Each structure stands twice: as C-alpha cells, then as structure tokens.
Amino acid sequence: MQPAMTYSVSPIGYIRSCFKEKFAIPRQPHLAPAARGVLELVPPFNHPDAVQGLEQVSHVWLLFLFHQTLEEKPRLKVRPPRLGGNRSLGVFATRATHRPNGIGQSVVTLEAIEPGRLKLSGIDLLDGTPVLDIKPYVPYADAISTARNTMADAPPLEIPVIWETEARAQAELHGERLGEPLAALIEQCLTQDPRPAYQIPSPERRYGVRLWDVDVHWHYPEPDVIRVLDIEFAGV
Ligand code: SAM
C-alpha cells in the first residue's frame, strides 16, 4: 500500500462574487447567467504573462476550495439537496461541497480579461472562494454528447417568481447603482427555490438572502410560488 502523502496547494486568486452567503446560490454554474463576479489574481499570477492567450477562450474551468465547508474528517456518504436531503449517496457519486480535500469545479463564462483579474458570469461561487487553478474549456473534449447521469438528468425544476411592484422598482434602482443585472439575478436564483426540500413554508414566514450589497426578502404565498417582498440596501 502507498504511504499516505500530503501535498500543499495555494490559491492563485480569490473570487469577488454577487453571492455573500451560501444560501440561494444555484447548485451548478450557468443556472443563473446573471451571477457575476471577478477572479482577483494574486502575485505572481496577476502578471499579464499568466493569462496570455486566454482571450481566445469563451469559458474556463475553475478549480477551487469549498472554503466554508472544509472538514477534518472525510465523509464517505452525503445527502445531496437535489435528492431532497433525505437520501444518502457515496460522496464520489455527487458534487456535494462536503468532500475529501474540499475541491470544487465550475465551468464559467469568461466575460473579460483585465489587468490582474478575470470578469466572470454564470458563477456558483461564494464571495472569498480561493481558486486553485484556471483551465480553458475545450469543447471537443469537455462536451460529451453521449454523457448520461440518471441522478441529475435535467436542471432543477423552476417555480414562478412574482414581485411586489415596489420590490421590482427597488431591484431596478439598485441594479443601476451597482451596474449589475440585479433583478435578473434575483429571479434566476429564486426560481430554483432555495429553501431546503423538506421545508413546507407558511405564507407568514419571510426568507432573505444578501446579493451584492442588498438584502432580498421573499415569502411563499403558496407552497411553490415565490413573491419578492422588498430589496434593502445592506449598508456595507
Ligand atoms: N460546480 C461546483 C462543483 O460541482 O464542484 C459546485 C457545486 S456545489 C453543489 C454548489 C454549492 O456550493 C452552491 O450552492 C454553494 O452553496 C456552495 N458553495 C459555493 N462556493 C462555496 C465555498 N467557497 N465554500 C462552501 N460552499 C460553497
């Protein structure tokens, strides 16, 4: 048997993201195309040499650390939210955040290359996520037309999102201030129904999440309908 070896890795950069908490982040990239962020490269990778040629690429793979869910003791089985949180599966059959070495991978859209940073969209990454590597997406090798995954054969179901008139106006205003498609981001994240699968929400219960520097509140007037109630500047 091979002796256990340890290797150390260090981030090549950190994500600055619209997502300030784990709640309501889509389960995979591209489920919210309006989810944008910036990968700030750290020295020496913030030098133009490190990204030379990357302008020929529309999408990149990011390898990163699930830094908010790192654990000492590796799990062999996990309960993915996609399966309702009550069925367990082998950790290697899932894309769960709790996993040995805590490594995540996402294909994201490369919007622009600026000195020392990459502008990205379609991300599913928390603010502050340490990124270990960037690789160009290679369509002929990475897009497999015959691929099969019967556990996750379609995107999560979407539920209707309706808006209080005032909330919609607040989202437009804050979006303009931020220079971000905030209303689209809210709709794309909420339509995936962020609440845990086992929770049957009462119409009185208010839910909230921070996106960029605003707090978004909503409730469920019916079990599978979201109404956005208000958008408040969080003052950060
Ligand atoms: N696309 C990646 C993958 O397959 O490895 C991530 C999939 S994982 C199921 C997606 C979830 O990771 C998001 O819903 C978010 O809550 C969580 N997440 C994103 N960044 C994280 C971080 N830095 N630490 C812990 N959890 C994170």
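Residues numbered from 1 in each chain as written. Predicted model: local features only at pLDDT ≥ 70, side-chain atom pairs only at ≥ 80, totals over all residues. Heavy atoms only, no water.

Asker: How should I be thinking about the layout of surface pockets in this particular structure?
Answerer: The gaps left among the atoms become clear once a water-sized probe is rolled over them. Empty space within the second largest pocket amounts to approximately 440 Å³. Considering the residues around the second largest pocket, the lining is formed by 19 residues, among which Leu-65, Leu-70, Pro-100, Asn-101 and Gly-102 are closest to the centre. (1 Å grid on protein atoms, 1.4 Å probe; cavity = no way out; pocket = protein on both sides within 12 Å on 5 of 7 lines; lining within 4 Å. Points joined across faces, edges and corners; volume = space filled by probe spheres on them.)

Asker: I would appreciate a short explanation of the pattern of salt bridges in the present structure.
Answerer: Side chains that differ in charge, positive against negative, can pair when their charged atoms come close. Taken as a whole, this structure holds 15 salt bridges when the rule is applied. Close ionic contact of Arg-36 with Glu-180 constitutes a salt bridge, the shortest N to O distance being 2.8 Å. One end of the pair, Arg-36, is in strand β2 (residues 36–41); the other, Glu-180, is in the loop between α2 (165–178) and α3 (182–190), and 144 residues separate them in sequence. Under the relative-accessibility criterion, Arg-36 is labelled partly exposed at 29%. Among the salt bridges present, the one from Arg-195 reaches Asp-224, with a minimum N-O distance of 3.1 Å. Taken together, the positions of Arg-195 in the loop between α3 and β10 (207–211) and Asp-224 in the loop between β11 (214–222) and β12 (225–233) put the pair 29 residues apart, joining distant regions of the chain. Here the salt bridges do not stand alone but share partners, grouping Arg-16, Glu-40, Glu-114, Arg-117 and Lys-119 into one network. (Salt bridge = Lys/Arg side-chain N within 4 Å of Asp/Glu carboxyl O. Helix = DSSP H or I, 4+ residues; strand = E, 2+ residues; numbered from the N terminus. Buried < 20%, exposed > 50% of the residue type's maximum accessible area, 1.4 Å probe, protein only.)

Asker: How should α2 be read in this particular structure?
Answerer: Two residues of an α-helix separated by three or four positions point the same way, owing to the 3.6 residues in each turn. Given a rise of 1.5 Å per residue, 14 residues ought to cover 20 Å, and the 20 Å separating the end C-alpha atoms of α2 matches this to within 8%. Of the surrounding elements, those touching the buried residues of α2 are β9 (161–163), α3, β11 and β12. One or two steps after α2, the chain reaches Gly-179, where phi turns positive at roughly 65 degrees. (Expected span 1.5 Å × (residues − 1). Contact = heavy atoms within 4.5 Å.)

Asker: Just to check I follow, could you spell out the site of the ligand for this structure?
Answerer: Around the ligand lies a shell of 21 residues, among which Gln-28, His-67, Arg-95, Asp-124 and Thr-129 are the nearest. At 2.9 Å, a side-chain N or O of Ser-106 approaches a nitrogen atom of the ligand. The side chain of Thr-129 places a nitrogen or oxygen atom 2.9 Å from a nitrogen atom of the ligand. Protein chains bury 91% of the 600 Å² of accessible surface belonging to the ligand in isolation. Counting residues per element, the ones that place at least two in the shell around the ligand are β3 (59–65) and β6 (103–114). Examining the composition of the shell around the ligand, we find that three residues originate from one element, β6, more than from any other. For the shell around the ligand, the class distribution of residues is eight nonpolar, nine polar and four charged. (Near = heavy atom within 4 Å. Polar contact = N/O pair within 3.5 Å; in protein donor to acceptor, adjacent residues only side chain to side chain. Areas by Shrake-Rupley, 256 points an atom, 1.4 Å probe, with all protein chains shown as cover. Nonpolar A, V, L, I, M, F, W, Y, C, P; charged D, E, K, R; others polar.)

Asker: I tried to follow the pairing of strand β7 (residues 117–121) on my own but got confused; where do I start?
Answerer: Every regular strand shows the same layout, with side chains that alternate between the two sheet faces. One ladder, built from five bridges, connects β2 with β7; its direction is antiparallel. By the bridge assignment, Leu-39 is partnered in β7 with Leu-118. Pairing geometry for β6 and β7, over five bridges, is antiparallel. Bridging from a neighbouring strand, Glu-114 pairs with Arg-117 of β7. Here β6 folds back onto β7, and the loop between the two strands holds two residues, one of which, Gly-116, carries a positive phi near 75 degrees. (Pairing = 2+ DSSP bridges.)

Asker: Would you take a moment to explain unusual backbone geometry for this structure?
Answerer: The general pattern is negative phi for most residues beyond glycine and trans for most peptide bonds. At the junction of Pro-43 and Pro-44, the peptide bond is cis and its omega measures out at 5 degrees in the coordinates. Along the chain, Pro-44 falls in the loop between β2 and β3. Notably, His-30 is not glycine yet its phi reads approximately 75 degrees, a positive angle. Here His-30 shows up in the loop between β1 (13–17) and β2.

Asker: Explain the side chain of His-217 to me, please; I cannot follow it from the model alone.
Answerer: Its place among the elements puts His-217 in strand β11. Side chain to side chain, His-217 and Asp-230 meet in a polar contact 2.8 Å long. For His-217, the residues in contact, after removing those within four places along its chain, are Arg-206, Tyr-207, Gly-208, Arg-227, Val-228, Leu-229, Asp-230 and Glu-232.

Asker: Can you walk me through α3 in this structure?
Answerer: All buried positions along α3 are accounted for by Leu-182, Ala-183, Leu-185, Ile-186, Cys-189 and Leu-190. The buried side chains of α3 occupy one side of the element, clustering within an arc of 160 degrees when seen end-on. Those residues of α3 hidden inside the fold are in contact with β9, α2, β10, β11 and β12. (Arc of directions from axis to C-beta.)

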